[in-house]
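Observations on chain architecture
One letter stands for each residue in the lines below.
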Amino acid sequence: MTTRLRDETIDDRHGGGAKARPPVARKEPVTSTIHGVERTDDYAWLRAENWQQVMRDPTVLPPDIRAYLEAENAYTDAALADTVELRERLFAEMRARIKEDDSSVPSPDGPYAYGVRYTHGDEHPQLVRTDRDGGNEQVLLDANALAEGKAYFHLGGTAHSPDHKLLAYAADEMGSEYYDIRIRDLATGKDLDDFIPATTGAPVWSADGRTLFYVWVDENHRPAKVFRHEVGSQSEDVLVHADTNPAYFLGCGKTQSDRYILIDSHDHETSESWILDANDPTGTPRLVAERLPAEKYSIEHSGDLFYILTNGGDAEDYRIVTAPVATPDRAHWKDLVPHRLGRLILDITAYKDFLVRLEREGGLPRIVVRHIASGEERPIEFDEEAYSLGMAGGLEFDTTTMRFSYSSMTTPARVYDYDMADRTRVLRKETEVPSGHDPADYVTRRVFAKAPDGEEVPVSLLYRRDTPIDGTAPCLIYGYGAYGMTIPASFSTTRLSLVDRGFVYAIAHIRGGKDKGFHWYADGRREKKVNTFTDFIASARHLVDEGFAARDKVVGWGGSAGGLLIGAVANMAPDAFAGLIAEVPFVDTLDTMLDDTLPLTPPEWPEWGNPITSDADFRTIAAYSPYDNVGAHDYPAILALAGLTDPRVTYWEPAKWVAKLRATGTSDRLLLLKTNMDAGHGGAAGRFDRLHETALATAFALKVAGKA
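So, a few notes on the structure that sits alongside this text. Keep in mind that what you see is a predicted model, and the values were worked out from it rather than measured.

Judged by nonpolar contacts, the single largest core of 125 residues is most densely connected at Leu69, Leu543 and Trp657. Per-element tally for this core: the top contributor is helix α14 (residues 689–704), with nine residues. Residues in contact with Trp657, not counting those within four places in the same chain, are Gly567, Ala582, Pro585, Val587, Pro626, Tyr627, Val630, Ile638 and Ala640. With 16 residues, the next largest nonpolar core counts Ile367, Leu389, Phe404 and Tyr406 among its residues.

Here it is as structure tokens:
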């Protein structure tokens, strides 16, 4: 490849006084016309024509593209050379906050209790089981041994057979989220000859313990077919279900009762489910209710009823209905928990005698336990201004014990067992911070920023009690704002490295998530997507105006769809930020939504719009797509992080974005691209390895805020 290089002096504020030569990618203009609009892309060559093969084998990446990415990596290393010692300190303190010898709370199932543990120095977990009441521990799987000698390894889903004799486990060795499934004999500790390649990594057992269901991923990385595999069989696996519409992804799971195998087909706003009796694995799946546009539902089971969580029937914040097992179609749906606007029901789990739901109202979550026979309900709530709450279903159905987790931005995660009959809770585990952590040293707050249209945007804050709130503190503000996902106000040990250095850490609960109900999501998608960006900008400026942050020391951070957020606000309000960190950023939004061969494009159209068929959607996306709107702006310092085998946000999106920013922007501030050549969307897989990436981004934030 040919690249132009130019000298670029990085001064003491931005690069420690050293000189570095940023790579400047060659331009190869590619012109296209759609909806009467002519577009030219100078950097389309960075998209490898053989990208499908690269996902499976990164060594086949074309040499010129590899050379460019490696040149960007070398430049980033040079530009941040003055932070090497800082990054080492950050890594050391982040690691010191992680308990090296750690284990999960065992989850009982029949004669055993299953769990996960780490031993000192382990990057990956061990799966273990003991007798139900403890003792006789058996290591079922050591992911560290499986990962040995591999540049990347991620253990996916695991599932033991109902008779406790076999363990199905999935692993990804490229970071591309193609998971291969193997089956281990738990009596001998050896893997059987069975090998199932290219799956989503979520094996599901039938009741006989000899039949395994899985979702196969096609060459375009779409979960397209559900197959049935018979343990030990030399015959081809049997196709159980397929969806030929590329806009829908397939999933496979099981009810908490273990009675039914569930197959669902979904995009971001529509779903459809089939059920299969787990006692009849060769049977034919039954459709529950045919898909209707913009209607979603999910299923649980207890007794003679299915419990269905749905937004159907104009229930935008969801309702729970029941349906007879024999006739589960919509004609037989009956309200159990009616829709109430402003109370968003997030999830349900059904036990033999209880139905548990997780819901959010007023921006805060709670768990509600319902006794099925009497209909009596009891909520589980906490008192902090901002906190995170989650349900853990466990492995058993006929039980009075349900497990949940709680944390806040100051309080490390706690795991409780709650007796649904006695209404008592027992603390089973509190996350230990070996290097020490006193919640009293910190303050968590929730404030509200006014968006341009008058909406109140919640912002969760964390800072040390001794941090002056007088307009002088640096601030890191994080945002996501897509797919209805809510970023919880939960505990994180890594962010303490910023907070302990005087930062105010903020989470902006912007539109596009469901923080304030479904309408909060609807107001931040498709034609209203710009609200996500203006909410974030308003949040950052509110923190300055209220004295939580210094005007010239605000750093924005987001990843994936949150990276789109970062790219958009860089164009819309570059003066509002000292620096921006974009992890695997979805910044080439228009080109990606125009390419229906990419893994996520057809299922993403309900979220963003379809610019291929709709002129209006094309113009909406074109108006905010970060790559398309790069201009001659005085951009803040930017760090973009990418993964070579990322199937969700392909590596060329941040690569093209940085190339165009470098050629077009007028800023002399840092503009950096770091690509993990051995990983995908989630970065490094090891629990300590990934800290190096976090330390890099944290050091960048400290540097641009003048705190390095």
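Side-chain direction in a regular strand flips from residue to residue, so the side chains alternate between the two faces of the sheet. Here six bridges tie strand β34 (residues 414–419) to strand β35 (residues 424–430), and the two strands are oriented antiparallel to one another. Bridge pairing in β35 links Asp419 to Thr424. If you look at the hairpin formed by β34 and β35, you'll find four residues sitting between the two strands, and Arg423 has a positive phi there, around 60°.

If you trace the four strands from one edge of the open sheet to the other, you get β32-β33-β34-β35, paired in antiparallel fashion. Two strands lie at the open edges of the sheet, namely β32 (388–392) and β35, each paired on one side alone. Sheet twist, expressed as the average angle between the axes of neighbouring strands with direction ignored, equals 25°. Looking at chain direction, strand β33 (residues 401–407) and β34 are connected through six bridges and run antiparallel. Note that in β34 the partner of Thr401 across the bridge is Asp419.

In space, the eight strands of this open sheet follow the order β36-β37-β39-β38-β40-β41-β42-β43, with mixed pairing throughout. Among the strands making up the open sheet, the edge pair consists of β36 (442–450) and β43 (671–676). Pairwise comparison of adjacent strand axes, ignoring direction, gives a mean angle of 20° for this sheet. Here helix α8 (residues 530–545) sits on the sheet in contact with β36, β37 (456–464), β38 (475–478), β39 (504–508) and β40 (554–559), set at roughly 120° to β36. Strands β41 (579–583), β42 (637–643) and β43 of the sheet are contacted by helix α13 (residues 652–664), whose axis makes an angle of about 160° with β43.

Mapped onto the elements, Thr211 comes out in strand β17 (residues 211–217). Relative accessible area serves as the criterion here: at 6%, Thr211 is assigned to the buried category. Within polar-contact distance, the side chain of Thr211 engages the side chain of Asp208 at 3.2 Å. Apart from residues lying up to four places away in sequence, Thr211 is in contact with Val204, Trp205, Ser206, Arg228, His229 and Pro281.

The final tally for this structure, using the stated rule, is 54 salt bridges. Arg66 is paired through a salt bridge with Glu70; the nearest N and O atoms lie 4.0 Å apart. Taken together, the residues span about one helical turn, with Arg66 and Glu70 both in helix α3 (residues 63–79) at a distance of four residues. Judged by relative accessible area, Glu70 falls into the partly exposed class, the value being 40%. The salt bridge involving Lys450 is made with Glu456; its shortest N-O contact spans 4.0 Å. By relative accessible area, Glu456 is classed as partly exposed at 30%.

Tallied over the full model, the rule gives 20 aromatic pairs. Measuring from centroid to centroid gives 5.8 Å for Tyr214 and Phe227, while their planes differ by 20°, and the two rings are stacked. Taken as a pair, Tyr214 in strand β17 and Phe227 in strand β18 (residues 223–230) lie far apart in primary sequence, 13 residues in all. As far as the burial class goes, Tyr214 and Phe227 line up, both buried. Here Phe586 and Trp608 contribute two aromatic rings whose centre-to-centre distance is 5.4 Å and whose plane-to-plane angle is 65°, an arrangement assigned as edge-to-face. Separated by 22 residues along the polypeptide, Phe586 in the loop between β41 and α10 (589–593) and Trp608 in helix α11 (residues 601–608) bring together distant segments of the chain. Note on Phe586: relative accessible area 5%, which makes it buried. On the basis of relative accessibility, which here comes to 1%, the residue Trp608 falls in the buried class.

In this section: helix α12 (residues 615–624). The complete set of buried residues in α12 reads Asp617, Phe618, Ile621 and Tyr624. Projected down its long axis, α12 carries its buried residues within an arc of 145°, all on one side. Considering only its buried residues, α12 is in contact with β5 (30–34), β6 (37–41), α8, α9 (561–572), α10 and α11.

Parameters and conventions
Residues numbered from 1 in each chain as written. Predicted model: local features only at pLDDT ≥ 70, side-chain atom pairs only at ≥ 80, totals over all residues. Heavy atoms only, no water. Core = buried A, V, L, I, M, F, W, Y, C linked by side-chain atoms within 4.5 Å. Buried < 20%, exposed > 50% of the residue type's maximum accessible area, 1.4 Å probe, protein only. Helix = DSSP H or I, 4+ residues; strand = E, 2+ residues; numbered from the N terminus. Contact = heavy atoms within 4.5 Å. Pairing = 2+ DSSP bridges. Axes fitted to C-alpha atoms, helices over the stretch in contact; angles between N-to-C directions. Polar contact = N/O pair within 3.5 Å; in protein donor to acceptor, adjacent residues only side chain to side chain. Salt bridge = Lys/Arg side-chain N within 4 Å of Asp/Glu carboxyl O. Phe/Tyr/Trp six-rings, centres within 6.5 Å; stacked < 30°, edge-to-face > 60°. Arc of directions from axis to C-beta.

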